[in-house]
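Geometric and topological summary
Each chain, written out:
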Amino acid sequence: MDFKVSNSGDLVLEKKTRSRQLELTYRISEVPGLDISFHVLNGKVPIANKGLKLSFDVMKDSDLSKNAKVIRDVEEKIQLIRIALITELGELVNKPGLGSLLKLYKHKDIHSISNLNNIKETVMNVVQSILENPKVKAVPQNGAGNLYFHNVSIYIYENKVQIFKFYI
């Protein structure tokens, strides 16, 4: 399970309707004691110097709030793959093993068999720890017209089902 991240790297938030609920919060303090209060939420709750404070909050009928969207299963795998492919290997100091070496091949001849094999091998190194029974295809593509493009489309399969397509 992970939090969903947009293509631009932002945390994806979704609206959530909160209904009436009981919420208990506590704080550790140097002063021993117990403070119990009951109030309707209408701003900040006053802070008391008590060892344990129980706070009963009554919400109005419903409030809209934001939750970070949680992803699981295939969607989580796709996000892990996407993040690993757009990150250069060694770019993140705290996670030196996260990333790929795709940058080495993205500006080389897209029709070269050895370059396409290097791309497939690089992507396979990323996905083999994430997917069961992965397969990778690298296909060169040329656009048409005045502002044409030269890309390599990378197709990623799990158990013979395409789950992700990535371009370099």
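Located above this text is the structure these notes cover.
These lines cover the structure that appears in this document, whether it is placed above or below. (Residues numbered from 1 in each chain as written. Predicted model: local features only at pLDDT ≥ 70, side-chain atom pairs only at ≥ 80, totals over all residues. Heavy atoms only, no water.)

**Looking at the overall build of the chain**
- When its secondary structure is counted, the chain shows two helices and nine strands.
- The secondary structure elements of the chain, listed N-terminal to C-terminal, are β-β-β-β-β-β-α-α-β-β-β.
- Considering only residue pairs separated by 6 or more positions, the chain has 46% of its internal contacts joining residues 24 or more positions apart. (Helix = DSSP H or I, 4+ residues; strand = E, 2+ residues; numbered from the N terminus. Contact = heavy atoms within 4.5 Å.)

**Re helix α2 (residues 113-127)**
- With 15 residues, α2 should reach 21 Å at 1.5 Å per residue; the first-to-last C-alpha distance of 21 Å fits that figure.
- Along α2, the residues that are buried comprise Asn115, Leu116, Ile119, Thr122, Val123, Val126 and Val127. Taken down its axis, α2 places every buried residue within 130 degrees of arc, on the same side. Projecting away from the buried face of α2 at angles above 90 degrees are the exposed residues Ile113 and Glu121.
- Here the buried face of α2 lies against α1 (73-86), β7 (134-142) and β8 (150-158). (Expected span 1.5 Å × (residues − 1). Buried < 20%, exposed > 50% of the residue type's maximum accessible area, 1.4 Å probe, protein only. Arc of directions from axis to C-beta.)

**Remarks on the pattern of salt bridges**
- With the rule as written, the count across this model stands at three salt bridges.
- Here Glu75 makes a salt bridge to Lys4, at a shortest N to O gap of 3.0 Å. Taken as a pair, Glu75 in helix α1 and Lys4 in the loop between β1 (2-3) and β2 (13-18) lie far apart in primary sequence, 71 residues in all.
- Among the residues examined, Glu75 registers a relative accessible area of 34% and is labelled partly exposed.
- Accessibility expressed as a relative area gives 25% for Lys4, which makes it partly exposed.
- In this structure, Glu158 and Lys77 form a salt bridge, with 3.0 Å as the shortest nitrogen-oxygen distance. (Salt bridge = Lys/Arg side-chain N within 4 Å of Asp/Glu carboxyl O.)

**Points about the sheet that holds β8**
- What the three strands build is an open sheet, ordered β7-β8-β9; its pairing is antiparallel. Edge positions in the sheet fall to β7 and β9 (161-167), since each of these pairs with one other strand and no more. Averaged over all pairs of adjacent strands, the angle between their axes in this sheet comes to 20 degrees, without regard to strand direction.
- Across nine bridges, the pairing between β7 and β8 is antiparallel. By the bridge assignment, Asn142 is partnered in β8 with His150.
- Running over the sheet, α1 touches β8 and β9 and is turned about 25 degrees from β9.
- Seen against the sheet, α2 touches β7 and β8 and runs at an angle of roughly 140 degrees to β7. (Pairing = 2+ DSSP bridges. Axes fitted to C-alpha atoms, helices over the stretch in contact; angles between N-to-C directions.)

Geometric descriptors of this kind do not, in isolation, establish any biological role.
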